[in-house]
Amino acid sequence: MPRPMLRAVAWLIGLGALSSFSLALYNASPPGRLPGEGPRGKSGAGALQAMEATPLSQERIEGPPPPPELTPEEKAKQEADAKAKAEAARLARLEAEQVKAAETTVTPATPVPAAEPAPPTPAEKAPPPPEDPPF
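A short tour of the structure in this document, coming up. (Residues numbered from 1 in each chain as written. Predicted model: local features only at pLDDT ≥ 70, side-chain atom pairs only at ≥ 80, totals over all residues. Heavy atoms only, no water.)

Here we look at the overall build of the chain
Cut-off, in case you're wondering: To qualify as a helix, a DSSP run of H or I must reach at least 4 residues; to qualify as a strand, a run of E must reach at least 2; elements of each kind are numbered from the N terminus. The buried label goes to any residue with under 20% of its type's maximum accessible area, the exposed label to any with over 50%, and the partly exposed label to all in between, with areas taken from a 1.4 Å probe on protein chains only. Note on areas: Shrake-Rupley with a 1.4 Å probe; residue coverage comes only from the protein chains shown.
In terms of helices and strands, the chain carries four helices and zero strands. Mapped in sequence order, the helices and strands of the chain form the string α-α-α-α. Counting only residues that meet the buried cut, the chain has 1% of its 135 residues in that class. When the accessible area of the chain is evaluated, it comes to approximately 13500 Å², of which 65% is carbon and sulfur surface.

Re a nonpolar patch on the surface
Heads up, the condition is: In this analysis, a patch consists of residues with relative accessible area above 30% that form no salt bridge, clustered at 9 Å for like charges and at 5 Å for the nonpolar side chains Val, Leu, Ile, Met, Phe, Trp and Tyr. Whenever Lys or Arg places a side-chain nitrogen within 4 Å of a carboxyl oxygen from Asp or Glu, that contact is recorded as a salt bridge.
Together, Met1, Met5, Leu6, Val9 and Ile13 make up an exposed nonpolar region whose accessible area comes to about 530 Å². With respect to the helices and strands, the residue isoleucine 13 is situated in helix α1 (residues 3–27). The exposed category is assigned to isoleucine 13, whose relative accessible area is 59%.

A few points about α1
As a reminder, the rule being used: One less than the number of residues in a helix, times 1.5 Å, gives the span that helix is expected to have.
Between the first and last C-alpha of α1 there are 36 Å, a value that for 25 residues agrees with the 36 Å anticipated at 1.5 Å per step. By the criterion of burial, α1 is predominantly exposed, with just zero of the 25 residues buried.

Describing the pattern of salt bridges
As enumerated under the stated definition, the model contains two salt bridges in all. With a closest N to O distance of 3.7 Å, aspartate 81 and lysine 77 form a salt bridge. Of the two residues, aspartate 81 and lysine 77 are both situated in helix α3 (residues 72–105); the distance of four residues between them amounts to about one turn of the helix. For aspartate 81, a relative accessible area of 38% translates into the label partly exposed. Using a relative accessible area of 54% as the deciding quantity, one classes lysine 77 as exposed. A salt bridge links arginine 90 to glutamate 87, with the shortest nitrogen-to-oxygen separation between them at 2.6 Å. Here arginine 90 pairs with glutamate 87, and both are found in helix α3, just three residues apart, close to one helical turn. Looking at arginine 90, the relative accessible area reads 35%, which means it is partly exposed.

Printed below as a string of structure tokens:
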């Protein structure tokens, strides 16, 4: 590029940077804008009011209340349920072990003889391509 063209481009870039900086200073004056205000401190429609706002319930602030204490009958029922589940799990484990043991005692099937290899196709019978292809 010729030198005068580079100089003109440099001036344009500098002018753009200087104008951007000056506009940023102009818009960032000390009395800044609040949300809802128009440019240069002119107020807009006014303060917004939330119509659907509801106060937080006490449960959301403090958390849910602690669970009630269990009665002796409920405790006994829970213990009985836990014992029943443990017994069911033990029986299921024993049954699985018996099935596994029965599977291992079964004699394996006779092995299938290997099949003869298939005859080569015509593409496999073709001679390999020459090392240097003709041009």
